[in-house]
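Fold and contact review
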Amino acid sequence: MVGALLAGPVAPTQAGQSPVQRDWTGTWATAASEHYEVSGMSEVTVRMPVHTSVGGSSVRIRLTNAYAGDPVRIGHATVGLRAGGSAVARPFDVRFSGKHGVTIPAGGQAVSDPVGLAVPALTDLVVSLHLPGQVTHITDHWWAQQTVYWTEYGAGDHAADPTGDAFTWTTTSWPFLSGVDVTAPRNRAVVALGDSITDGSFSTADTDQRWPDLLSARLNACRPGAGVLNAGITSNRITAGTATNPSALDRLDRDVLSQPGARTLILFEGINDLGGASAEQIIAGMTEIADRAHRRRMRVVAATITPYKDFVWGGWTEETEARRRRVNAFVRDSGGVFDDYADFDRAVRDPADPQRLGAAYDSGDHLHPDDAGMKAFADSIDLTTLGLGRGCS
């Protein structure tokens, strides 16, 4: 059955203001980390809730087809405030160069026109995409810890539906969506570059308990607030990568340096490198990341690597522990490589055995923190070290 042809309302841009004249700030972001083939998918609509950090007076979305071998057609896109579950209070049409749809080439991306929707800080926004043609490849961010809603194949365009009745099945990954930007009072954002811990793995799904989300709540209690963008990818490393999970060095430009309004980088990587790289190689990679960010006039705060003795999937040895201690000593006293550091290790380790994750923060696998551990990370960051101006403490 073809969906209703009613289009959602189109919000006007501010008079005389073009996209290039606006100061955009990222309010939400994710890093593409997976590509997979699908069969028989066409005339579907996907609806993705995302949690904003900083608020703004208008909004735009960024889409990616980074890892696909074929172009993908977006027939209709909308954005609106969430009304609960898969319902949207009022879906606003999103246009691309004045058109309802856009074809994103293989390996390409698309940025929408501005939508004059006021976006509050720390709220759920919903992006809906209608995919009219045959979809053969999906680029997405896996393990989003967020329920994403889909219509049945062949259901048609439901992007403008205020209700969620047409969305009958779910996944937990964000397809095609890479960022949401707003026009904020001051365009400033913090980017968290990390692995599965930053990605929020093992935090409670659909509750926004990842440590960057919790940091966002602290920062946006300041005036003005700041965007917090999560560039975590599960299994990510500094010193090596794969085709769809590039190393932190290889994805730095895409996921950090090009983010709208990015002023500060929090670097929390290295735990996945300990088994295959030397401490010196990890430190060299961290140093290169900091140097490149500094050349873009970004402030760099590094976080210490957290303990993981007795990790259920193995990998911990006395040798890897020695490497972790060596890297952490460098982070704490980098000689000016970093502008400051956050001691995540101290925040969550077991005082009786500092090689282990504290029981109060352990999700159960002895490596990934639970919600309490995520909060301990966010609370351990001295907001004044982020260099975002006055009003934060």
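Look above for the structure.
Residues numbered from 1 in each chain as written. Predicted model: local features only at pLDDT ≥ 70, side-chain atom pairs only at ≥ 80, totals over all residues. Heavy atoms only, no water.

**Digging into the sheet that holds strand S15 (residues 174-175)**
Pairing is antiparallel in the open sheet, where 3 strands are placed in the order S2-S12-S15. Only two strands of the sheet have a single neighbouring strand rather than two, namely strand S2 (34-41) and S15. The pairing of strand S12 (residues 135-141) with S15 spans 2 bridges and is classified as antiparallel. Looking at the pairing, His141 lines up with Trp174 of S15. (Pairing = 2+ DSSP bridges. Helix = DSSP H or I, 4+ residues; strand = E, 2+ residues; numbered from the N terminus.)

**Concerning the environment of Thr30**
Mapping Thr30 onto the fold places it in the loop between strand S1 (24-29) and S2. On the accessibility criterion, Thr30 (7% relative accessible area) is buried. The sequence separation of Thr30 and Asp206 amounts to 176 residues, and the corresponding C-alpha distance is 15 Å. In contact with Thr30, other than residues within four places in its own chain, are His141, Trp174, Leu177, Ser178 and Asn230. In terms of polar contacts, Thr30 uses its side chain to reach the side chain of His141, at 3.1 Å. (Buried < 20%, exposed > 50% of the residue type's maximum accessible area, 1.4 Å probe, protein only. Contact = heavy atoms within 4.5 Å. Polar contact = N/O pair within 3.5 Å; in protein donor to acceptor, adjacent residues only side chain to side chain.)

**Considering the pattern of salt bridges**
Summed over all chains, the structure comprises 22 salt bridges. One salt bridge in this structure joins Arg332 and Asp345, with 2.9 Å as the shortest N-O distance. Pair noted here: Arg332 is in helix H5 (residues 318-332) and Asp345 is in helix H6 (residues 344-348), with a separation of 13 residues, a long-range link. Between Arg356 and Asp353 there is a salt bridge, with the nearest N and O atoms lying 2.1 Å from each other. On the basis of relative accessible area, Asp353 is assigned to the buried category, the value being 17%. Among the charged side chains, a salt-bridge network with shared partners connects Glu321, Arg324, Arg325, Arg332, Asp343, Asp345, Arg346 and Arg349. (Salt bridge = Lys/Arg side-chain N within 4 Å of Asp/Glu carboxyl O.)

**Some thoughts on the packing of aromatic side chains**
Applying the stated criterion to the full structure yields 11 aromatic pairs. Seen in terms of ring centroids, Trp211 and Phe268 are 6.3 Å apart; in terms of plane orientation they differ by 65°. Their pairing is edge-to-face. With Trp211 in helix H2 (residues 211-219) and Phe268 in strand S19 (residues 262-268), this residue pair connects regions lying 57 residues apart in the sequence. Judged on exposure class, the residue Trp211 and its partner Phe268 are both buried. Consider the rings of Phe268 and Phe377, whose centres lie 5.6 Å apart with planes at 70°: the pair is edge-to-face. (Phe/Tyr/Trp six-rings, centres within 6.5 Å; stacked < 30°, edge-to-face > 60°.)

**Considerations on the sheet that holds strand S4 (residues 59-64)**
Whether parallel or antiparallel, the strands of a sheet pair through hydrogen bonds between backbone atoms. Strand order in the open sheet formed by 4 strands is S1-S16-S4-S10, and the pairing between neighbours is antiparallel. Two strands close off the open sheet at either side, each with one partner strand: S1 and strand S10 (109-111). Taking each pair of neighbouring strands and ignoring which way they run, the sheet shows an average axis angle of 20°. Strand direction decides the pairing type here: S1 and strand S16 (residues 177-183), joined by 5 bridges, are antiparallel. What sits directly across from Gly26, in S16, is Asp181. (Axes fitted to C-alpha atoms, helices over the stretch in contact; angles between N-to-C directions.)

**What to know about the nonpolar core**
Ranked by size, the top nonpolar core spans 65 residues in total, and within it Leu193, Trp211, Leu215, Leu219, Ile289, Phe338 and Leu386 carry the most contacts. With 7 residues, the single largest contributor to this core is helix H4 (residues 279-295). Setting aside its immediate chain neighbours within four residues, Trp211 contacts Ala192, Ile197, Thr198, Ile266, Phe268, Phe344, Met374, Phe377, Ala378 and Ile381. Core analysis: the next-biggest nonpolar cluster, separate from the first, contains 39 residues, Val94, Leu125, Ile138 and Ala144 among them. (Core = buried A, V, L, I, M, F, W, Y, C linked by side-chain atoms within 4.5 Å.)

**A look at H2**
Counting buried positions along H2 yields 7 of 9 residues, so the element is predominantly enclosed. Taken together, the buried positions of H2 are Trp211, Pro212, Asp213, Leu214, Leu215, Ser216 and Leu219. The inward-facing, buried residues of H2 contact strand S17 (189-194), helix H1 (196-199), strand S18 (227-232), S19, H6 and helix H7 (371-380).

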